[in-house]
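Tertiary structure, described
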Amino acid sequence: MMEDKKILTGKKIHVKVNGKIIDQKNPLIIAGPCAVESREQIIHIAKIVKKYGATALRGGAFKPRTSPYSFQGLGVEGLKYLKEASELTGLPVVTEITDAKYIDLFNTYVDVFQVGSRNMNNYSLLKALGKVDKPILLKRGMSSTIYEWILAAEYLAEFGNTDIILCERGIRTFDTYTRNTLDLAAIPIMKKETGLPVIVDPSHGTGRRELVCIMTKAAIAAGADGAIIEVHNDPDNALSDGHQSIKPEQFKELMSVYKKILTQQ
Ligand code: PEP
Ligand code: MN
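Figured I'd write up the structure that's included with this text. (Residues numbered from 1 in each chain as written. Chains lettered and ligands numbered in written order. Predicted model: local features only at pLDDT ≥ 70, side-chain atom pairs only at ≥ 80, totals over all residues. Heavy atoms only, no water.)

A look at the overall build of the chain
Within the chain, the regular secondary structure consists of nine helices and 10 strands. At 17 Å, the chain has a C-alpha radius of gyration in line with the 18 Å of a compact globule built from 265 residues. Considering the chain as a whole, with its 265 residues, one finds that 55% of them fall into the buried category. Only carbon and sulfur atoms are counted for the fraction: they give 52% of the accessible area of the chain, which is about 11400 Å². (Helix = DSSP H or I, 4+ residues; strand = E, 2+ residues; numbered from the N terminus. Rg over C-alpha atoms; globule rule 2.2 N^0.38 Å. Buried < 20%, exposed > 50% of the residue type's maximum accessible area, 1.4 Å probe, protein only. Areas by Shrake-Rupley, 256 points an atom, 1.4 Å probe, with all protein chains shown as cover.)

Focus: the packing of helix 8 (residues 212–221) against helix 9 (residues 248–264)
Where helix 8 contacts helix 9, the two axes come as close as 10 Å, and the packing angle between them is 20°. Considering their axes alone, helix 8 and helix 9 lie roughly parallel with respect to each other. Two packed elements cross with a definite hand, and for helix 8 against helix 9 that hand is right-handed. Taken together, the residues of helix 9 that come into contact with helix 8 (itself represented by V212, C213, T216, K217 and I220) are L254, V257, Y258 and I261. Each residue belonging to the contact of helix 8 with helix 9 can be placed in one class, and the counts come to seven nonpolar, one polar and one charged. (Axes fitted to C-alpha atoms, helices over the stretch in contact; angles between N-to-C directions. Parallel < 35°, antiparallel > 145°, perpendicular 65-115°, else oblique. Left-handed = near helix turned anticlockwise from the far one by under 90°. Contact = heavy atoms within 4.5 Å. Nonpolar A, V, L, I, M, F, W, Y, C, P; charged D, E, K, R; others polar.)

Remarks on the coordination of the manganese ion (ligand 2)
Protein coordination at the manganese ion (ligand 2): the donors are C34 (SG), H204 (NE2), E230 (OE) and D241 (OD), at 2.0 to 2.4 Å from the metal. Read in sequence order, the donor residues coordinating the manganese ion (ligand 2) give the pattern C-x169-H-x25-E-x10-D. With E230 in strand 10 (residues 226–230) and D241 in the loop between strand 10 and helix 9, this pair connects stretches of sequence that are 11 residues apart. Taking relative accessible area as the criterion, D241 reaches 12% and is therefore assigned buried. (Donors = N, O, S within 2.8 Å, 3.2 Å for Na, K, Ca; no water.)

With respect to the site of ligand 1
Every residue near ligand 1 is listed here: R58, K63, E96, Q114, G116, S117, R118, K139, R169 and H204. A distance of 2.7 Å separates an oxygen atom of ligand 1 from a polar atom in the backbone of S117. Here an oxygen atom of ligand 1 sits 3.0 Å away from a polar atom, N or O, in the side chain of R118. Taken by itself ligand 1 offers 290 Å² of open surface, and the protein chains cover 96% of this. For the shell around ligand 1, the class distribution of residues is no nonpolar, four polar and six charged. (Near = heavy atom within 4 Å. Polar contact = N/O pair within 3.5 Å; in protein donor to acceptor, adjacent residues only side chain to side chain.)

Describing the pairing of strand 3 (residues 28–32)
Side-chain direction in a regular strand flips from residue to residue, so the side chains alternate between the two faces of the sheet. Of all five residues that make up strand 3, five are buried, and the element is covered over most of its length. What you see with strand 3 is no split at all: L28, I30 and G32 on one side and I29 and A31 on the other are buried throughout. Relative to strand 10, strand 3 runs parallel, the two being bridged by five bridges. Paired with I30 across the bridge in strand 10 is I228. The pairing of strand 3 with strand 4 (residues 56–58) spans two bridges and is classified as parallel. Among the inter-strand pairings, A31 is bridged to a residue of strand 4, identified as L57. (Pairing = 2+ DSSP bridges.)

A closer look at the packing of aromatic side chains
Within this structure, the stated rule accounts for four aromatic pairs. Ring centres of F106 and F113 lie 5.5 Å apart, and the angle between their planes is 65°; this geometry places the pair in the edge-to-face category. Accessibility assignment for this pair places F106 and F113 in one class, buried. With a centroid separation of 4.6 Å and an interplanar angle of 25°, the aromatic rings of Y123 and Y155 are classed as stacked. With Y123 in helix 4 (residues 123–129) and Y155 in helix 5 (residues 146–158), this residue pair connects regions lying 32 residues apart in the sequence. (Phe/Tyr/Trp six-rings, centres within 6.5 Å; stacked < 30°, edge-to-face > 60°.)

Side note on the nonpolar core
In terms of nonpolar packing, the biggest core is built from 79 residues, with V49, F113, L129, L137, L138, L166 and F251 touching the most fellow members. Discounting chain neighbours no more than four positions away, the residues touching L129 are I97, I103, F113, V115, I136, L156 and N161. (Core = buried A, V, L, I, M, F, W, Y, C linked by side-chain atoms within 4.5 Å.)

Spelled out as structure tokens, the structure:
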């Protein structure tokens, strides 16, 4: 079945972010707003998530929005603010790249290049990112099978980059109660099939703030090597994904639960 898999054979691949190998004991916890909205906002949230134990900062600058009339992100300006927030807190920056033409720009400002769900099948982007010398966070396509996701990772590897962190972020199903259906079984499967670290995105995976903490715990039980969590200081007025963004106090609580689980393992 997996005859197209040549590089990601299941043998463990160590991926480092900020000099540390990511695994269950040393999880990658990426936190921050869905989108960078202003310099003050990203610096403010970066300081909060750092204080509570995040190990990386998220925030979209180039936002692939479903509607062309929704906030599209601050672009290069957003990348500059992320870099400044990173320098102030020591948190590496994870942000989405939507086009290969931005690679040089991203090399200047970004530590981990995120490939979003909408671009998992963008093979020209994957080939270009294969030549990048930084880790890639590869999200699962919202309608992609596990096999297609594995092959998307194989594209990056084949073109030279095996520093890949996989992210289960939910798939489209017939159910509309949650934004997506978080496929937790994909976590152990992807770890075994590829040997790569796998993290979870319970924010996009559920679309509901009240489910973020509990699904993070479920993902840890399933073997996740970390999580990417949307955190906003004022979610009701966020420019994107406020309904699924947790507040700083909720992130603090989530991190204390996470740490407790880690010490019990
Ligand atoms: C995001 O993380 O900001 C995002 C757009 O996620 P996804 O690509 O999973 O929809
Ligand atoms: Mn979002």
